[in-house]
Amino acid sequence: MSKNYNQSLLQTSFLSVSCFLLFSLYLASLFIISPVVAQQQRIAVVVNGLSKFETLSVVNLDHPDPKKAVSADIAQLGVAPNDVQVIGNFAYIVNTYSDNVQAINLKTGGSLGVISTGIGSLPEKIALLNDDRAYVTCNGTDEVVLIDLKGKMVLQRIQTGSKPWGLTILNKKVYVANTAAVWTGQEMKYGQSSVSVISTETNQLIKTIEVPTNATSVTSDANNTVLVKSTGDYSQVLGELTLIDSDKDNIKKQISLKSTPGAITVNRNKQQAYILTPSGAIVVDLIKQRLVVKPSSALQGFKGGFSMTFDHQRELFLLVVADWTGGGQDQLLILDSNGKELNRYNTGTKNGKGSSFVALADINDNNDVSVQLQPNQSIIFWGQVKQ
């Protein structure tokens, strides 16, 4: 009896030790062997630009409830915010009538101060070279300023053509759209638009390229093609898209858009440029170099949009629809390439109205933001009111 008991005790002890070891290995696999993977959230940074209601809002695109996804009015902005770009933990907003660039910490929502571009400079758009340097167009002084983002100062002023607006960076060069649109006090006069090409290594103007009337927006395919959108005169002269070879800095193709175009963004995977028009989005095939979706068959899901950007990770469009009446019915729409609506967020609030620009960022569970630099995907003429 005692012998059997001892054998049973040994067996029990052996099983207990085995179970303990297996359980320990299981715990080790959870806490030691398995890598810790931080959860990331895709966020949209939205600028509300209606006069007296200028704020910055953030939308968690991964939140299951659209109503709870919006963190409204996390920061107060300057007068007439006209662009937003994001890099690292920071959003940079161009406040045109405040003559400055404002830095916002996306982790805290706090403003880190402003970088003055000079009285009367009327800054319009910003292109981030890296987390230290950025170029800003100044419509009031016909120049681009190179700014130190951390030192919060202007490092250099570079003369451009008349009334610069949009800009982008590609292949160590800055491409600046000069609208040549001058207000006489009674009407807008349109001169010869051009693109100023500036070296990022020397910060010197290296070439000027003439383009069609009222060139306002510039973006790229991230390879070797710069896209310049000319709006026209909003009346008799229709818009055009100019494709520039950034290796040779000459024009490859000029494409009639058969409409008055608004915001432009590029699906780089499919090599397609989407352009907003009053009737919806038209599409230019950059490989075929022609308009494949015309205004007569424009994608209706984009109709009414003020600006947009493209999520290259998820291959979706983010479109902001501004309520310029001040009614607070501003919207951020998530659309597929056919214009099908996948989600909708109300970004208008009591304090923040006129949702007009949007940028993308990835934020992890420690509130650290990490974004891929995607310059100037939401460039659009300020003040174009939806009819």
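Described below are features of the structure shown in this document. (Residues numbered from 1 in each chain as written. Predicted model: local features only at pLDDT ≥ 70, side-chain atom pairs only at ≥ 80, totals over all residues. Heavy atoms only, no water.)

Overview of a positive patch on the surface
Part 1 of the reasoning: Taken together, the side chains of K258, K288, R290 and K294 make up a positively charged region of the molecular surface.
Part 2 of the reasoning: By secondary structure assignment, the location of R290 is in strand β25 (residues 290-293).
Part 3 of the reasoning: We classify R290 as partly exposed; its relative accessible area is 43%. (Patch = residues over 30% accessible without salt bridge, like charges linked within 9 Å, V, L, I, M, F, W, Y side chains within 5 Å. Areas by Shrake-Rupley, 256 points an atom, 1.4 Å probe, with all protein chains shown as cover. Salt bridge = Lys/Arg side-chain N within 4 Å of Asp/Glu carboxyl O. Lys, Arg positive; Asp, Glu negative; His and termini not counted. Charge placed at Lys NZ, Arg CZ, Asp CG, Glu CD. Helix = DSSP H or I, 4+ residues; strand = E, 2+ residues; numbered from the N terminus. Buried < 20%, exposed > 50% of the residue type's maximum accessible area, 1.4 Å probe, protein only.)

A word on the environment of D362
Part 1 of the reasoning: Structurally, the position occupied by D362 is in strand β30 (residues 355-364).
Part 2 of the reasoning: Look at D362 and you get buried, because its relative accessible area is 11%.

Some points on the environment of V45
Part 1 of the reasoning: Mapped onto the elements, V45 comes out in strand β1 (residues 40-48).
Part 2 of the reasoning: Overall, V45 belongs to the buried group, its relative accessible area being 0%.
Part 3 of the reasoning: Measuring from C-alpha to C-alpha, the distance between V45 and L106 comes to 9.0 Å, with 61 residues separating the pair along the chain.
Part 4 of the reasoning: Setting aside residues up to four positions removed in sequence, V45 forms contacts with L56, S57, V84, V86, A91, L106, F357, V358 and A359. (Contact = heavy atoms within 4.5 Å.)

Focus on the side chain of T225
Part 1 of the reasoning: Mapped onto the elements, T225 comes out in strand β19 (residues 225-230).
Part 2 of the reasoning: Here the side chain of T225 touches N224 through a polar contact of 3.3 Å, side chain to side chain.
Part 3 of the reasoning: In this structure the side chain of T225 is engaged in a polar contact, spanning 2.7 Å, whose partner is the side chain of K252.
Part 4 of the reasoning: If we skip the residues at most four places from it in the chain, T225 touches L170, T219, S220, L243, I244, S246 and K252. (Polar contact = N/O pair within 3.5 Å; in protein donor to acceptor, adjacent residues only side chain to side chain.)

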